[in-house]
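Examining the three-dimensional arrangement
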Amino acid sequence: MFHEPQSTRRIGASEGSCSSVSSLATRARFRQRPSHVAIFDEAQRAWSREQTASFMQRKRGQAGFDLSEPEFLISCLDCHPTWAVVVCLVGNGQEINTGEAGIAEWLGSVERRFPEWEVYVLPELGQGDATVAALKAQVQARDKLHEAPSLHLATSVRSFRSERYSEFVNRLLDLDVDGAKALLPEATARFPLRVTRNLAAAKAWLRARARGSERYGIVVSSEAQRLRPHAIDVRVKVDPVHWFLAGKEDTRSSYYLEDVATEFQVQGLELDWTCVVWDGDLRHTGDAWTHHSFVGDRWTKIHKADRRAYLVNAYRVLLTRARQGTVIVVPEGDAADPTRAPAFYDPVYDYLRAVGVAELSGGRF
């Protein structure tokens, strides 16, 4: 997104733009050290107005803040009398925290407060998202939207062994069985992907695969509350510094395969090899996912659409943390334990096998 002068009037000088910057200190800093370009990584994770207002109230003592994070950033750049650019780096399906507004908030901010800004997007942006599609149409109706295919960074550099592994994970979680099945051979030709019901076998596979200082570890969803019978407790907080950096002799390191990290600790970071342990929070029902949170002594269904999306995105993050290979562990459950019923797990395992994910040989839990 950018604005530039037009005749004697600058683009982006809409009502409530520069004057809407609520922090006088921030405005002063921008004037003293003018910056025409702002790059926002993980732009889909920018805060909503409510989350930003809560932060400003709690951490800055500033009540009545009425801008979302995208609105605030654009308003700072909009103060320039000449030109400014905001570059948004977007990872689709990475929103996992309450208050993360998604890419729709960037388009909505332009539509509400900065109608003179030009918006450049890749054509695929917002596919499958009705809200983003509607906002794109509104901006386009004002001749301010420009589609540029060259903006799409199509090659993943995280899984360097497979440029299309992330695409496979997206199809898998989108329940695109045919698409995932068709892509699997190419996505895993040099990126080993296995599924097992045996945690011990998965640990042995990680240790055998890793060479030298290559790092490995176990990652699970923050909602995975019923893995404690397998010595996995997400309530135990890990120290990310030790987990990611400590050596093989340190019991706090990922190498020890005792402490586990959730999507919140690993988002934006990678390991060479990962073990993803799948719990009963995300269940497969044939043509849909069902979403669950463990409350008290039982699983409860998650009804809010944003929380359901966060849960699917959590597994998207977990499944794409490895640079070189992944093993997925789906427990068998326990018929004598209603919180770990085999029916919670079997359909997930069957789905992964139906897509074509190879089974890891070995024993069972």
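These numbers come from a predicted model, not from an experiment.

Rules of the game
- Residues numbered from 1 in each chain as written.
- Predicted model: local features only at pLDDT ≥ 70, side-chain atom pairs only at ≥ 80, totals over all residues.
- Heavy atoms only, no water.
- Axes fitted to C-alpha atoms, helices over the stretch in contact; angles between N-to-C directions.
- Helix = DSSP H or I, 4+ residues; strand = E, 2+ residues; numbered from the N terminus.
- Parallel < 35°, antiparallel > 145°, perpendicular 65-115°, else oblique.
- Left-handed = near helix turned anticlockwise from the far one by under 90°.
- Contact = heavy atoms within 4.5 Å.
- Nonpolar A, V, L, I, M, F, W, Y, C, P; charged D, E, K, R; others polar.
- Phe/Tyr/Trp six-rings, centres within 6.5 Å; stacked < 30°, edge-to-face > 60°.
- Buried < 20%, exposed > 50% of the residue type's maximum accessible area, 1.4 Å probe, protein only.
- Polar contact = N/O pair within 3.5 Å; in protein donor to acceptor, adjacent residues only side chain to side chain.
- Expected span 1.5 Å × (residues − 1).
- Arc of directions from axis to C-beta.
- Pairing = 2+ DSSP bridges.

Another aspect to go through is the packing of helix H6 (residues 165–173) against helix H7 (residues 177–187). Where H6 meets H7, the closest approach of the two axes is 9 Å, and the angle between their N-to-C directions is 160°. Relative to H7, the element H6 lies roughly antiparallel. As for the relative orientation of H6 and H7, their crossing is left-handed in sense. On the side of H6, the interface is formed by Tyr165, Glu167, Phe168, Arg171 and Leu172, while H7 contributes Gly179, Ala180, Leu183, Leu184 and Ala187. Here the residues of the contact of H6 with H7 sort into 7 nonpolar, 1 polar and 2 charged.

Our focus in this paragraph is the packing of aromatic side chains. Here the structure, examined in full by the defined rule, presents 14 aromatic pairs. Aromatic side chains Trp205 and Trp273 sit 5.7 Å apart centroid to centroid with 85° between the ring planes, which places their arrangement in the edge-to-face category. Taken together, the residues span a long stretch of sequence, with Trp205 in helix H8 (residues 199–209) and Trp273 in strand E10 (residues 271–277) at a distance of 68 residues. Note on accessibility: Trp205 and Trp273 belong to one class, buried. Plain terms: the ring middles of Trp289 and Tyr351 are 5.8 Å apart, the flat faces sit at 80° to each other, and that makes the pair edge-to-face. Of this pair, Trp289 sits in strand E12 (residues 289–295) while Tyr351 sits in helix H12 (residues 342–355); the two residues are 62 residues apart in sequence, bridging distant segments of the chain. Residue Trp289 is classed as buried on the basis of its relative accessible area, which comes to 11%.

This part covers the side chain of Glu214. Summarising the element assignment, Glu214 is placed in the loop between H8 and strand E9 (216–220). For Glu214, the side chain forms a polar contact with the main-chain nitrogen of Arg211, separated by 2.9 Å. Within the structure, Glu214 has its side chain in polar contact with the side chain of Gln324 (distance 3.1 Å). Setting aside its immediate chain neighbours within four residues, Glu214 contacts Arg209, Tyr255, Asp272, Trp273 and Gln324.

An ideal rise of 1.5 Å per residue puts 20 Å on 14 residues; H12 measures up with 20 Å between its terminal C-alpha atoms. Listing the buried residues of H12 in full gives Phe344, Tyr345, Val348, Tyr349, Tyr351, Leu352 and Val355. When H12 is viewed along its axis, its buried side chains cluster within an angular range of 160° and face the same direction.

On to the environment of Pro229. Position of Pro229 among the secondary structure elements: in the loop between E9 and helix H9 (240–245). For Pro229, a relative accessible area of 45% puts it in the partly exposed group. Taking C-alpha positions, Pro229 is 9.8 Å from Gly333, a pair spaced 104 residues apart along the chain.

Turning our eyes to something else, we now look at the sheet that holds strand E11 (residues 282–284). Read from one edge of the open sheet, 3 strands run E11-E12-E13, paired in antiparallel fashion. This sheet does not close on itself; its edge strands, each paired only once, are E11 and strand E13 (298–301). Mean inter-strand twist for the sheet, computed between neighbouring axes without regard to direction, equals 40°.

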